[in-house]
Amino acid sequence: MDKEAAARIQSAAAKNPGSDTAQEEFDRRAESADDRNAVRDDDGESTTPGSA
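In this text the structure is predicted, and so the values were computed from the model without any measurement.

J.: Would you mind going over the overall build of the protein chain with me for this structure?
T.: Helices and strands together make up the secondary structure of the protein chain, namely 3 helices and 2 strands. Overall, the protein chain shows an N-to-C arrangement of helices and strands of α-α-α-β-β. The long-range share in the protein chain, meaning contacts at least 24 apart out of those at least 6 apart in sequence, stands at 29%. Here the protein chain has roughly 4,100 Å² of accessible surface; of this, 44% comes from carbon and sulfur atoms.

Right, here's the structure in full:
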């Protein structure tokens, strides 16, 4: 999950607070996943673990 995907999920939840996404707090979990996936390699570039 990257920042753009997390932002889209958060935006959708904010636009429709009654949606399943908002009710189940998936937007917060998406942001948390993005934070966990933001890893810096030795060059300072952001990478996603497990990506080639």
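J.: Looking at this structure, how should I read helix 1 (residues 3–15)?
T.: Every α-helix winds through 3.6 residues per turn, so residues three or four apart in the chain are directed the same way. Its 13 residues give helix 1 an end-to-end C-alpha distance of 18 Å, which sits within 8% of 18 Å, the value for a rise of 1.5 Å per residue. Regarding helix 1, the residues found buried are A5, A6, I9 and A13. The arc enclosing the buried residues of helix 1, seen along the axis, measures out at 100°, which places them on a common side. Turned more than 90 degrees away from the buried face of helix 1, the exposed residues are K3, E4, R8, A14 and K15. On the buried face of helix 1, the contacting elements are helix 2 (20–23) and helix 3 (26–37).

J.: Any chance you could explain unusual backbone geometry here in plain terms?
T.: The phi torsion of most residues other than glycine is negative, and most of the peptide bonds are trans. One non-glycine residue, E25, lies in positive phi territory at about 55°. Here E25 is to be found in the loop between helix 2 and helix 3. You can call E25 partly exposed: its relative accessible area is 41%.

J.: In this structure, what is going on with the environment of R36? I would like to understand it.
T.: Turning to its location among the elements, R36 is positioned in helix 3. Here R36 falls in the exposed class, since its relative accessible area comes to 57%. In this structure, the C-alpha to C-alpha distance between R36 and M1, residues 35 residues apart in sequence, is 9.1 Å.

Quick notes on the rules
- Residues numbered from 1 in each chain as written.
- Predicted model: local features only at pLDDT ≥ 70, side-chain atom pairs only at ≥ 80, totals over all residues.
- Heavy atoms only, no water.
- Helix = DSSP H or I, 4+ residues; strand = E, 2+ residues; numbered from the N terminus.
- Contact = heavy atoms within 4.5 Å.
- Areas by Shrake-Rupley, 256 points an atom, 1.4 Å probe, with all protein chains shown as cover.
- Expected span 1.5 Å × (residues − 1).
- Buried < 20%, exposed > 50% of the residue type's maximum accessible area, 1.4 Å probe, protein only.
- Arc of directions from axis to C-beta.

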